[in-house]
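The primary structure of each chain is shown beneath.
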Amino acid sequence: MQHKVRKAIFPVGGLGTRFLPATKAMPKEMLPIVDKPLIQYAVEEARAAGIEEFIFVTGRGKAAIEDHFDFSYELEKTLAERGKQEVLAAVSEIPLDPGQIAYVRQQVPKGLGHAVWCARNLVGDEPFAVLLADDLVKAATPCLAQMMDVWEGLGGNLVAAMEIPAADTSRYGILDVAWDDGKIVRAKGLVEKPSPEQAPSRLSIIGRYILDPSVMVELGRQDLGAGGEIQLTDAMARTLDRIPFHGLRFEGRRFDCGSKVGFVEATVAFAMEHPETAEAMPDLLSALLHRSR
């Protein structure tokens, strides 16, 4: 019988080198898009999809993430005393319920596959989701919720997928497509970061996965892949002979917040719809463009 997906892993142990010096003392996942850190967007997406248990794979210097999802009695008391009810409500919604959240350390950065494997004992023999906070998806229906609806009919391994320019294939895991109905694709293979000449398609995986527990067994082999790291896509590929593997062309806009350009793009896009900034954004952007000419 197919289990419900109750657990989600958030790999947050990376060093954030592309955002130095900002990330020297602050986790990159705590960088804000307008007024919320990236990791909060990911957790809210998982909550909206029905996730019940939240597993953070952390590293040294990531205590701010734990503090963010905890109660801050002093702050909440001060906000209440000053009558700042809207801000208080926003802050009070952040903490997860007792017992819903767990943290496990990735002592050595050996790649995404290794980070996911570090959570194996907390996942157990259940399907699970993986969300990468660097990939921020703006959608009417949260990306993971879209995936849950599809996964319930398909099972197996399911990833969020999108078409990318051929020149960018060396940055992503690329699907080798067996069939494609325009929304859902069945994959017969996948390749981690191939050159444009070797890429089997332009359909890339982004940072949303629903995975069969057999992937954990494959990750336990600790085989090194591209970049000398333990790759999650390699472990998924080794289950293709027995576990169905699909990609979903999700509805929404994905922002690569692991890059400076993508981070700025996301900030502008979200600011244009934020109630405190939306009205000012058109004139602000127009003035900035005028000054740059």
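Residues numbered from 1 in each chain as written. Predicted model: local features only at pLDDT ≥ 70, side-chain atom pairs only at ≥ 80, totals over all residues. Heavy atoms only, no water.

### A closer look at the packing of helix α3 (residues 73-81) against helix α4 (residues 85-92)
Here α3 crosses α4 at 155 degrees, and the two axes come no closer than 8 Å. With respect to α4, the axis of α3 lies roughly antiparallel. Regarding α3 and α4, the two cross each other, and that crossing is left-handed. Here α3 contributes Leu 75, Glu 76, Leu 79 and Ala 80 to the contact with α4, which in turn contributes Gln 85, Val 87, Leu 88, Val 91 and Ser 92. (Axes fitted to C-alpha atoms, helices over the stretch in contact; angles between N-to-C directions. Helix = DSSP H or I, 4+ residues; strand = E, 2+ residues; numbered from the N terminus. Parallel < 35°, antiparallel > 145°, perpendicular 65-115°, else oblique. Left-handed = near helix turned anticlockwise from the far one by under 90°. Contact = heavy atoms within 4.5 Å.)

### As for the pairing of strand β9 (residues 173-180)
Remark: a regular strand shows side chains that alternate across the two faces of the sheet. Sheet topology places β9 next to strand β10 (residues 184-192); seven bridges connect them, and they run antiparallel. Looking at β10, one finds that Asp 176 is bridged to Gly 189. Hairpin connection from β9 to β10: three residues lie between these consecutive antiparallel strands, with Gly 182 at a positive phi of about 95 degrees. (Pairing = 2+ DSSP bridges.)

### What about the confidence of the model for the protein?
The predicted model of the protein averages 91 in pLDDT, with 99% of residues at 70 or higher. Within the protein, the element-level pLDDT minimum falls on helix α11 (residues 281-292), averaging 88, and the maximum on strand β6 (residues 128-131), averaging 98. (pLDDT = per-residue confidence, 0-100.)

### Examining the nonpolar core
Among the nonpolar cores identified, the biggest contains 47 residues, and Phe 10, Ile 33, Ile 39, Ile 51, Phe 56, Leu 136 and Leu 144 are the most heavily contacted of them. Looking at this core element by element, the count peaks at seven residues for helix α7 (residues 143-154). Residue contacts for Phe 56: discarding those within four places in its chain leaves Phe 10, Val 12, Ile 39, Val 43, Ile 65, Phe 69, Ile 101, Ala 102, Tyr 103 and Val 104. Among the nonpolar cores identified, the runner-up in size contains 31 residues, and Ile 9, Val 130, Ile 205 and Met 216 belong to it. (Core = buried A, V, L, I, M, F, W, Y, C linked by side-chain atoms within 4.5 Å. Buried < 20%, exposed > 50% of the residue type's maximum accessible area, 1.4 Å probe, protein only.)

### What about the pattern of salt bridges?
Enumeration according to the criterion identifies 21 salt bridges in this entry. Residue Lys 28 is joined to Asp 134 by a salt bridge in which the shortest nitrogen-to-oxygen separation is 3.0 Å. One end of the pair, Lys 28, is in the loop between β1 (7-11) and β2 (32-33); the other, Asp 134, is in the loop between β6 and β7 (135-138), and 106 residues separate them in sequence. Judged by its relative accessible area of 18%, Lys 28 is buried. For Asp 134, a relative accessible area of 17% gives the class buried. Arg 238 is the salt-bridge partner of Glu 218, the closest N and O atoms lying 3.0 Å from each other. With a gap of 20 residues between them, Glu 218 in helix α8 (residues 214-219) and Arg 238 in the loop between α9 (232-237) and β12 (245-249) connect regions that are remote in the sequence. (Salt bridge = Lys/Arg side-chain N within 4 Å of Asp/Glu carboxyl O.)

### Description of helix α1 (residues 38-48)
Summarising burial for α1: eight of the eleven residues are buried, a large majority. For α1, the complete set of buried residues consists of Leu 38, Ile 39, Gln 40, Tyr 41, Ala 42, Val 43, Glu 45 and Ala 46. Positioned one or two residues after α1, Gly 50 has a phi angle of 95 degrees, which is positive.

### Some remarks on the side chain of Lys 7
Of note, Lys 7 is situated in strand β1. At 3.3 Å, the side chain of Lys 7 forms a polar contact with the backbone oxygen of Val 123. Apart from the residues lying within four places of it in its own chain, the contact partners of Lys 7 are Ile 51, Glu 53, Ile 55, Leu 122, Val 123, Glu 126, Phe 128 and Ala 129. (Polar contact = N/O pair within 3.5 Å; in protein donor to acceptor, adjacent residues only side chain to side chain.)

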